Every structure is written in structure tokens, then in C-alpha cells.
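Fold and contact review
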Amino acid sequence: MAKLWHIFRLMMRGEAKSLWRGLLLSALVLMMGAALLGLSGWFIVAASAAGLLGTGAVFDVFRPSAMVRFLAIGRTATRYGERILTHDATLRALTRLRVTLLSGLAKRSHERLIRLRGAQALNRIIADVDALDGVPLRLFLPLIAGGATQLLALLFLSWLVDWRVALPIFLIFTFGALAVLLWGIRRARVPSRRAEAAAQAFRTRFIDLLTSREDLALYGQLPDQSEACLSAEARRQAAATATDFVERQAGAALMVISALAAAVALWIGGDLAQAGVITPAQAAIGFFAALALMETVAPLRRAVAEMGRMIGAARRVIALTEGALQEGQGADPELSRATPVQLRFDQVGFARNGAQPVIEGFDLSLGASEWVALKGPSGVGKSTVLLMAAGALAPTQGQVTLNGQPVTELAPGTVTLVGQRAALIQGSIAENLRLAAPEADDAALHAALRAVALDEVIAAKGGLETGLGPRGAGLSGGETRRLVLARALLKQPSVLLLDEPTEGLDHPTAERVLAGIRAALPQAVILMAAHRAEEQGAADKIVTLG
Amino acid sequence: MLSALLAREKSAIGLASWLSALSGFLWLPQAALVAATFSHLLLGEGGVRVGTGVLSFLGFAALRLILNYLAEGLLFRAGQAIVTQMRQEILAREGQNLGTSALGGPGALAALAGEKLDALLPYITRYTPAQKRVMTVPFAILALAFWQSWAVGLVFVIAGPLIPVFMALVGYAAKEASERQMQEIGSLGDLLVDRLAALADIRLLGAAPRLIERFDRSADDLRSRTMAVLRIAFLSSTVLELFAALGVAMVAVWVGFSLLGELSWGAWGGGITPWAGIFLLLLAPDYFQPLRDLSAAWHDKAAALAVAGELAKWQDHEAETLLGTGAKRAPLSGPATVRLSGVAVRRGGRKIIYPDAEIAPGQRVALSGPSGAGKTTLLRLIAGLDRPAAGTIMVAGQPLSDETADGWRARLGWMPQAPMFLARSLRHNIAFGAPLSPDLLSETALEGVLKSLPKGDLTILGETGGGLSGGEARRVMLARALAARPDVVLADEPTADLDHETAERVTEALLALAERGATLIVATHDPKLIAKMDRVIDVAPAGRDAQEATHG
Ligand SMILES: Nc1ncnc2c1ncn2[C@@H]1O[C@H](COP(=O)(O)OP(=O)(O)OP(=O)(O)O)[C@@H](O)[C@H]1O
Ligand SMILES: [Mg+2]
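Residues numbered from 1 in each chain as written. Chains lettered and ligands numbered in written order. Predicted model: local features only at pLDDT ≥ 70, side-chain atom pairs only at ≥ 80, totals over all residues. Heavy atoms only, no water.

Concerning the overall build of chain B
Looking only at helices and strands, chain B features 18 helices and eleven strands. Over its C-alpha atoms chain B spans a radius of gyration of 35 Å, topping by over 25% the 24 Å that the globule rule assigns to 552 residues. Over its C-alpha atoms, taken along the principal directions, chain B stretches across nearly 120 × 50 × 50 Å. The buried share of chain B, reckoned over its 552 residues, is 60%. Counting only carbon and sulfur atoms, one obtains 59% of the accessible surface of chain B, whose full area is about 20,600 Å². (Helix = DSSP H or I, 4+ residues; strand = E, 2+ residues; numbered from the N terminus. Rg over C-alpha atoms; globule rule 2.2 N^0.38 Å. Buried < 20%, exposed > 50% of the residue type's maximum accessible area, 1.4 Å probe, protein only. Areas by Shrake-Rupley, 256 points an atom, 1.4 Å probe, with all protein chains shown as cover.)

Let's talk about the site of ligand 1
Near ligand 1 lie 20 residues; those nearest to it are Ser476, Gly478 and Glu479 of chain A together with Thr376 and Thr377 of chain B. Nearby residues place ligand 1 at the junction of chains A and B. In the model, an oxygen atom of ligand 1 is placed 2.9 Å from a nitrogen or oxygen of the Arg350 of chain B side chain. Elements represented by at least two residues in the shell around ligand 1 include exactly helix H15 (477–490) of chain A together with strand E2 (350–353) and helix H11 (375–382) of chain B. For the shell around ligand 1, a count of residues per class yields three nonpolar, twelve polar and five charged. (Near = heavy atom within 4 Å. Polar contact = N/O pair within 3.5 Å; in protein donor to acceptor, adjacent residues only side chain to side chain. Nonpolar A, V, L, I, M, F, W, Y, C, P; charged D, E, K, R; others polar.)

What about unusual backbone geometry?
The backbone of Ser369 of chain A sits at a positive phi, close to 65 degrees, despite the residue not being glycine. Take Ser369 of chain A: its relative accessible area is 30%, and that puts it in the partly exposed class. One non-glycine residue, Ala445 of chain B, lies in positive phi territory at about 55 degrees. Mapped onto the elements of the fold, Ala445 of chain B is located in the loop between helix H14 (438–443) and helix H15 (447–452). Since its relative accessible area comes to 13%, Ala445 of chain B is described here as buried.

A short note on the coordination of the magnesium ion (ligand 2)
Residue and element names in this part refer to chain B. Only Thr376 (OG1) and Gln417 (OE1) from the protein reach the magnesium ion (ligand 2) as donors, at distances of 1.9 to 2.3 Å. Placement of Thr376 in helix H11 and of Gln417 in the loop between strand E7 (412–415) and helix H13 (426–431) is noted, with a sequence separation of 41 residues between them. Assessed through its relative accessible area of 19%, Gln417 is described here as buried. (Donors = N, O, S within 2.8 Å, 3.2 Å for Na, K, Ca; no water.)

Considerations on the UniProt feature "transmembrane region" (unreviewed entry) in chain A
Residues and elements named next belong to chain A. Under the local residue numbering, the UniProt record ascribes the feature "transmembrane region" (unreviewed entry) to residues 20–37, 43–62, 139–159, 165–185, 250–269 and 281–300. Between the end C-alpha atoms of residues 20–37 there is a gap of 26 Å, over a span that is 100% helix and 0% strand. Taken as a whole, residues 165–185 contains 100% helix and 0% strand, while its terminal C-alpha atoms sit 30 Å from one another. (UniProt positions renumbered as here; feature names shortened; annotations may be inferred.)

Describing the confidence of the model for chain B
Residue and element names in this part refer to chain B. Within chain B, residue pLDDT values average 88, and 98% of them lie at 70 or more. A low-confidence stretch, residues 543–552 (pLDDT under 50), is modelled with 20 contacts involving residues beyond four sequence positions or located in other chains. In the model output, the complex is listed with pTM 0.91 alongside ipTM 0.91. (pLDDT = per-residue confidence, 0-100. Contact = heavy atoms within 4.5 Å.)

Notes on the interface of chain A and chain B
If you look at the interface, chain A gives 141 residues, while chain B gives 147 residues. In total, chain A and chain B occlude about 12,800 Å² of area from one another, counting both sides; carbon and sulfur atoms represent 67% of this. Counting the surface chain A buries against chain B, the share from its top three residues, Leu218, Tyr219 and Arg421 of chain A, is 7%. With its nearest N and O atoms 2.2 Å apart, the salt bridge here joins Glu463 of chain B to Arg471 of chain A. Where chain A touches chain B, the interface holds 36 residue pairs in polar contact (both at pLDDT 80 or more). At 28 residues, helix H8 (residues 222–274) of chain A tops the list of elements feeding residues into the side of chain A that touches chain B. Here the side of chain A that touches chain B is composed, by residue class, of 74 nonpolar, 36 polar and 31 charged. (Buried area = accessible area lost by both parts, 1.4 Å probe. Salt bridge = Lys/Arg side-chain N within 4 Å of Asp/Glu carboxyl O.)

Here's what the structure looks like:
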């Protein structure tokens, strides 16, 4: 519950005004509803009493009937306003939450980021946030508005009818609803949480199935993965059925409470009327108002069902938003392009907490137009050196500076790194290229493609607007590699870091690509991890690690 | 499509709808009793006494409650059954398809199989019973109203039909808005699944702020589309409530005036009794209630229609399918020969024609050719992942077909060019549940790698192996291929991303397998690896002639 309150306050932060107004209107709707039914009941019974007594002529019919019309129309209009306000505010708050979560993910350390799986993030940003819409709409707003209405009804009914009618109604509704809420939550929390967890597991497994189905088919694992998806779905169905069971019981209990409150109002009111303490018309106010007050507790049914799901989602979302604040990296001004650059490694070392250092006491200095290749066996730390140069990994000893400024303080992307794993996205070739340089025109894109010997291939495929599938499907391995290189060239970086740039390319293509890179970036500092002879041949200098 | 879906649980839905209508009907005697109680209070005689009134009020309330409870339970189960069945169908079909679906990538499909299918539930549990109540309850109330007062009956008759007319007008807009909302949900899913997996690279390019901006726009788009749907839903139910409120208010005013004796028209034979007045007032809201329920569920219907539309689109799309089912089968018998004759495929506008070739069991073959020549495509053809446009592929003496593909794949080991990892332990990614043998790990030089990982072989890696270096990820793929004890290994650039020493080890492992009699088919540019093969099949790009070279 504390988590939910935290989330509610988080959501209120930007939308406080709308939510307050929405809250006010929701309470107003409930109150007008009770007033409307109470007044109508009183009006009919009082009118028939007056008719029976023959005093109909002096009975004021106009004011009550005008009130009835006013309440009827006013309530409808208020309800519309309330719904629009609260839903709009909630959706806005959720959208903001999604963006916060994504920014939080984007600030994660490189090490954690490369392990991020799309489906997992989807569960956080979409499913968990979706689960939270109930926090204001079906939990806090109805609870607060309903409570306020009940209190007001207690006061008014005591005044208009009799406290002996008003108090039981109030007690039955408030204690009854609270009891149902607590009992329901206790029983539904676990299945509701499980249903959501299973739904998320289904999503992860299904996305896995779709992205790896060829590998799975090859090893005869496709039915197994389908089976895993189905078992998640079966678990979800079972948990959802259990949740629904409790939800329906809670709904029935709330109906019982409402019926009980109305029956008690009828009973006590009737007795008092018979005893002459109040008029039958006053008794009618109590009964009809009690019928209308049912609306104050009805929404709790959904709250019971969703509580487990909301709490789970709130926990995960809060953890992520807090993580986002801790891991925050400052983005500082970009380096001006005019100055000749100087990349320096000063006694740089790196060790993962406590483990054997990957690299120690590394010194290197590179000036403009210099191209250095790093060689050494696998695992010696070539990629680590590159990541530190890109500022994606903070050295545990020494520092890497660009023109005297530590690279970790530069805005991400100032130093451009092309990693070993090519990451393309679904969308056109142009879209993929413009990830790096959004303003680049088509001529620049063609030039970059030409530099990596890809222009003809892309032209044959239908040009820049050719669409690629998920993760860039539709290109061969070498073509993917070259497209990623072209993307880096488009950025026109003053420092380019390459991790095995021509891996998977045939000899002539590799030579053409390396020459193309040099020609495209004559001024740049290039540092490259390389095992291939072609790559080492292209460099001005070779540094051996290990 | 929607009605076809509902037909699967027709009897349960029908029964539940009737139960819910019955519960609506029971309000009629219940209201009559309440009216009789007040009439007793007013007149001091006749009607029903307070005690009896209270008890029977509770009795009817209990009865209605039970009926509703049962109806809801039935509807929920029926809805769940339909949704789960559809999920199973999507799963069964998508498991066989290759490439992207009509709706988009994995994110969009997961949205369809996930939250969108769930959108069918409210339609089933709320809309269908409301529809039944609308067709029944108001008519009974109308008859009772006319029995007591033609004026009240007239109010009902006039106000009632306005509602369906209005709903029909709203319906069209609601459907369109829901369709747009559903589309946006799908594309947001795709945007995230694809870009988040690449987020590390996107940030290295300095493009993270732009991605966040773009996502902000898309999320806001989804919000405004959802709001558009809700606006229509709220507006329509407000208008209905207004009709209902006006109707009830008119009835109340007429009843009040009649009871006062101010009005002498509208009822049969002069005035009405207090009982009738109270009874009519209690009935009036319930005349409109089913219509209000229906309008409140109207956007559920619109959403369900939009989902059904997407399902139909998904069903109509004929995707290319995998050969066979991808299940574990008994290995195809016979010597593991591969024969290509006249094989060709289309790739975009290009046609790749492969040379005819016969690969004997135990042979070591390199596929070479420039980047984009079609080496990977040939490996995929041999593995039964793609269907050739022309020609036949014979494996173990039989044509590779839907019948033989699974058995053939049971004899294969596969090293893809781009490693992919499931969201399961590394151990599962290597041996699919079987234990990892120490030999396997040492052969692929993975022991050290497993030790350095925080959770060892239970680590869950990123989709493309994030958490391992490129060379390590490739060695995991090798280990996976070896763990399958293959007769034929199809390896795509097995030595890419590896330094000489490790490349040497990987090559050794592959050759050792060949020593034991396995066939090696390797797509590679690595001259050292090529040199160790028995022969080279040159996969030439269009325009150049394919040729075959044999080493001595
Ligand atoms: N899914 C696809 N849809 C359409 N075209 C594709 C697809 N995959 C690959 N291609 C195209 O088919 C051709 C052959 O691709 P293939 O992957 O077989 O090449 P390759 O010889 O393995 O190249 P590389 O050495 O670069 O890996 C290329 O032109 C490529 O662009
Ligand atoms: Mg390839």
C-alpha cells in the first residue's frame, strides 16, 4: 500500500491540479446522486401524503421538481467532466512515467545496458505502467471521494431524517466496504500478482520464440518454446480465474452491504415513521439515499482484483525510477570540431569489482589523422580499451582524456564507437543511418554508403527507403556490418573507435571499406581493435596488448 | 470474425446472458414490494408491513445477486477460453512462419497476442449480457408502465428508441478511434522491442536523447488516441444518462403532481395510488439502466471489433513458412549426403543461382564468395529454413521437404552468423536442458568464460549475447552445435570475431568433429580456415560464373 501511495504521489506531481479537480468532481457526482434519489423519494412520498390529506394545493411542487431536474442534469454533466479530467490526467501521468522509465534505462551503465532484453523492457515500460492506471482511477480517487460522500451523507441524513437512520447506513457502508476491501485484497493479492507475472512471462517467451525461431527449429526446440509460452498462459488463466473468483465474491459482498444498508434504512425509518417520530417521506429519504450510496462502494471491486498486480508493478517501477536517479550521467557540451584532437590514455586500468584486472597501466596517446590498431589475443581487453575511450566504461585507474577533458564527462556519442555487434533497427535504411545524423541529406547518406562499398548493394535493393525487418533483417552479415560503419561515418566524428570493423568481410571488400573510412575521415583519430591482417595493414601503428 | 469468435462459447454466453436478464426482471417484484411498504406507511393499512417488506427486499436482493454472480462467472470463463484459444492459434501459426507478419515485428505480434486479445474480454463479459438485457427488460417495464399509466408509458416509448439511434451514430466513430488506438499500441511495442535491444549502441551514437524524444511523441500519440476513444465512450454514455435522467425526472414530476391531485390525466380512470406512484418511480431508472449499460460497454465493442479486424488481417496474411515443424524427430536415416541441383532463390529483385554440387558424408566444404553473394542463404536452404524458388536439395538421399526437414535437422549442428540468445540460462542456451559436459566446455574454451560470469552457466544474457565478448558468444554457438552431436555441421563464419589463437582452437574443434566422420559445411572468408577444407564451393554473385575448386 505504501508503494501504491508513493506511485500515486509520483503521478500527482505533474497533474496535481487536474487530479484535485477530478477528485472534487467525483465526490460531487456521488453526492448529487444520493441527493437526487433521496429528494425524488421524498418528493413522491410527501406528495402522496399531501394528496391523501387533501393539502395538495398548498404543497410546493415547483422547487423540489426543479431541484430534481437540476440534480439529474448536473450530475450527468459533472460525471462527464470528472471522467475526462481524471482519465486525461492519469494517462498523462502514465505517459510521463513511461518516458521517465525509458530515460532511466538509457542512463544505465553500458555493462547493464548490453544485457537489456527488448521484451523485458517492454514489460516494464508498457505492461507495468499500464497496470498502474488503476492506482488513481480505481483505488485512491474512489476511496477518497466515496469516504467524503459517506461522511456528508451521515451529516445530512442525521439532519434531514434522524441520526438513528443515518448512523447505521454510514457504519454498514464504511465498515462493510473496508472489511470487504481488506479481505478481498488478502485473498486476491497473490493470484492477481501471479496473473500479471505469467502474462509478462508469456510476452517474453513469445518474443523469444519470434526472434529465435530459426535457431529453435534447427535444434528441434520450437514445440518446447511454444510449450513454455502455453504453460505461462495456462498459469495466467488459472491465476486470473482465481482472481476473478475473489473479485466476484467481493462484488457480491458489496452488493450485500448495499442491500443491507437500504434494508436497515427502510426498517428503522419505517419503524420511526410508524412511531410518528419522522414522516414517511423522511423515511423515504433515508431509504433512497442508501440505495444511491451503493455507488460509493461499487468501484472497490476492481481495486480488490487489481491490487496484487498494481503492487507488483509499483514495486518494479519504483525500483527503476530510483535506479534512474542514482545512475544519472551528466551530459556535457560537445567538443568543438575546430581544435585538433588529442586522445590520451594515462596509466589506465580496469577491473570488475574485485576480480583480476582486465587491463593495467595502459598508456597511449593519439593525435589527429593517426590510425592505431590494437592487437592481442581474445579477452586481453581490446574492447575494454575502446569502451573506456568512448566513455561507456569508467576506468578504475588512471583516466582517458580527449583534449585534456575526461571522456566520461563528454556527452555520449562525442567519441563514436562501432562495437562488434551490429545493432540495426526495424525501419528503412535511411532511418537506420539517420540515427547517427538526423539532419543528414540523401547525398550525405549515399556518400557514407559509398565509403563502405555498399552503395551498389543498396541501390540494387531499392535505395535508401528499402525497409529492414526487426533488428535489421534483410541484409547479409557483411552488409549489416558495413551499414553500421556507414552510420558511424555519417556522424563525422573527430575520434572514431572501431571494434573489428571488417569482420565477416571478404578480402577485397575489407580493403575497400578500410580505404573508404580513411578517405571519409582524413582528420580523425582512429583507434581500432583488429585481428585481421588487412586491418593491421591499414593502420599507421600497431599496439600489442597483453 | 467477432461473431465467429463468440460462437466458440455460444451456449455459456447465451445462458449467462439470460441469467443476467432474469436478475434484471427480479427488480420488478422487488420494487413492487418496496412501494407496497411505503404505501403501508402512508395509509397505515394495506400494502406490506415494514418487517415483511424489509425481509422480502433482502430476499430478492439475494436472489438477484446469486444470478448475477453465476452469470459473471460463466462469462468470465467463456471469455478466458476464447482468449486462450486465440493465443494458442497465434502461437501455433507464428511458430511456423518466417519473417515479419502483416502486423509488424515481434513487438506488434506480442501486443496482439497479449493485451489486444485481452480487450476481447470486456466485450464478452459486459457487452453481450447488456445486449440481452436491452432486448428484454425494458419491454417488461414498458408493459407495466402502460398498465399503470399511459403518460409514463409514453415517456418511455419516446425516450427509449432515441437511444439506439444515437448509439448507431456514435458506433462508427468509436470503431475508427479504437482501430487507431490498437495500431498505435502495436507500433509502440515494436518501437520498444527493437530499439531497447539496441539501446547500448544507440547511446554510443549519442542518439539516446532523440530516441527518448521519439518515444515521448509515440507514447503521447497513444495517449491522445486512447483519450479519443474514451472521449467518445464518455460522451455517448453521458448523452444516454441525460436521456435517462430526463426520462426519470419527467416520470417523477408526473407522479408527484398526480399524487397531489394537481393532474388528472395520464392514468387510467383518474389518479394513481401511492403504491403505483412509488412503483413507477422505482421502475423508471431501470427502464433505462440496460441501455446505459450497453452504452457504457459500447467502446468495449468497438475495441473488440478493432482487435477482430487485426486478427482477420493477421489470419489472411500468407507468410513464408519453415519446412517441417521445428520439432524434435528421429534422425533421418542413411548416409548424410547433400546434393544441390538447379537450386535458385529470389532475394529482393535478385535471383541467386547456385552451382550443382554433391557433398559426401565426412567432407569438409567451404562456401566462399564476396559479402552478399548468398553463402548464408545457401546454409539456410540446406537447413530447411528457406524454400528454394527452383531446383531440389537432396539430403541423405531424400528430397528436403516438410516431411523430411525435421528428421534432417536432428542430424545438424548450426552456427549462425549473428548469435542470438533466449531469455533463459546460458546453460539452456547451449544444451537445451541437457547437462553441460566438461569436454564440451574445454573443446570450445568456455570454462574460463563461465567462471567469470556472475552467475556462471545460469546467467541470462542480452539478446545478441550482451555480457559476453563477440568471440565468446560465437564459441557458445559452437558449443551448442557440438552438444547436438551432429552428423553435419553448418557453420556461418565460425572464426569471425576471434583472434588467431582462438580461431585456431575453434577450427581444431570443427576438424576434430570431421575426424569423427561429420560433414562440415562452412561459409567463410578466412583463408586459413578455407585452406583446411577439402574443397571450396564458390558462391558467386549474379553475373559471375560459379566455379568449384578442389584442393589436393
Ligand atoms: N531476409 C532477407 N530478405 C531479403 N534479402 C535478403 C535477406 N537476407 C539476405 N538477403 C540478401 O540476400 C543476399 C545474400 O545474402 P546472404 O546473407 O546469403 O549473403 P552472404 O554471402 O552470407 O554474405 P556475408 O558474407 O556478408 O554474410 C544479399 O544480397 C542480402 O542482401
Ligand atoms: Mg552471411
